[in-house]
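# Architecture and fold: a report
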Amino acid sequence: MNKLTLFAIILVSQVCFGQKANRVITKQGQITFFSYTSVEDIEASNNQVLSIVDLSSKEVAISMLMRTFVFRKALMQEHFNESYIESDIYPKATFEGEIQDFDTSLPPLQTKLVKGKITIHGVTKEVEIKTQIEYINNVLVLSGNLNLTVADFKIKIPPIVAGNIAKTIQVKFRFEYQPYEN
C-alpha cells in the first residue's frame, strides 16, 4: 500500500507541478553590440535582459529596456537613446521564437537554430539565430551572435556621422537560466 501511495503522490506532483518545471528564466541575461568602422568603434552592453524558455514547447521570449545599455562614453549613450533608438518612443526590444529540433535528453552541448521575430525601434523582422545550448552545473545556457542591419529597423543615421556607425551591428548574447518559480 505504501508503494501505491508514493506512486500516486509522484504522479499527482508531476501533473500539477510539471508545467512549472518546464520553464526557466533569467533576469540578468547579457546582450552586447559592437559597431566597427575605421573612424570609431562603438560598444555597449546590457546585463538586465529578461528571458524565459518553455522547455516543453521550445519557445523563447526575450525583453530588454533599451535605456539599460551602457556605453564607455556618456555622449554615445545619450545619442543612442535620444537620436537613434529613440528610447522614449520605443523603450524596449523583444524577441519571440522557437528553438528548432531541441531535445533536452540529448548531450549537454548542442548547436541549434532559433527562428523567431525580433522587434527593435518599432520594426519587427524575422530572424534565424545559430545558438549554442549547453548545461553547465545544471544551469541552461544559451549563447550566440547575430548581425543586424541598422536600415532594417528604420534607424536614421545623420549623414554627418554615417561614417562613424557601421551599417551592420554585431550582437552577442548569453543567458543563464534558473527554474521559473511563481
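Nothing here was measured: the structure is a model prediction, and the numbers come from that model.

## A word on the packing of aromatic side chains
- Under the criterion given, the structure shown has 7 aromatic pairs.
- Pairwise contacts between aromatic rings join F33, F69, F71 and F80 into one cluster.

## A short note on the environment of L113
- As for its placement among the helices and strands, L113 is situated in strand 6 (residues 109-120).
- With residues near it in sequence (within four places) discarded, L113 still touches E98, I99, Q100, E128, I129 and K130.

## Structural notes on the pairing of strand 5 (residues 92-99)
- Burial of strand 5 is one-sided: the residues A93, F95, G97 and I99 facing one way are buried, the residues K92, T94, E96 and E98 facing the other way are not.
- One ladder, built from 7 bridges, connects strand 3 (residues 59-65) with strand 5; its direction is antiparallel. Each bridged residue has a counterpart across the sheet, and for S63 the counterpart in strand 5 is T94.
- Pairing of strand 5 with strand 6 involves 6 bridges; the strand directions are antiparallel. Bridge pairing in strand 6 places G97 opposite G116.

## Section: the pattern of salt bridges
- Within the structure shown, the criterion is met by 5 salt bridges.
- With its nearest N and O atoms 3.2 Å apart, the salt bridge here joins K125 to D152. A residue pair is termed long-range when its members are at least 10 positions apart, and K125 in strand 7 (residues 123-136) and D152 in the loop between strand 8 (139-149) and strand 9 (168-179) qualify at 27 residues.
- Look at K125 and you get partly exposed, because its relative accessible area is 29%.
- One salt bridge in this structure joins R174 and E176, with 3.2 Å as the shortest N-O distance.
- Classification of E176 as partly exposed rests on a relative accessible area of 40%.

About the cut-offs
Residues numbered from 1 in each chain as written. Predicted model: local features only at pLDDT ≥ 70, side-chain atom pairs only at ≥ 80, totals over all residues. Heavy atoms only, no water. Phe/Tyr/Trp six-rings, centres within 6.5 Å; stacked < 30°, edge-to-face > 60°. Helix = DSSP H or I, 4+ residues; strand = E, 2+ residues; numbered from the N terminus. Contact = heavy atoms within 4.5 Å. Buried < 20%, exposed > 50% of the residue type's maximum accessible area, 1.4 Å probe, protein only. Pairing = 2+ DSSP bridges. Salt bridge = Lys/Arg side-chain N within 4 Å of Asp/Glu carboxyl O.

What is shown is where atoms sit, not what they do.
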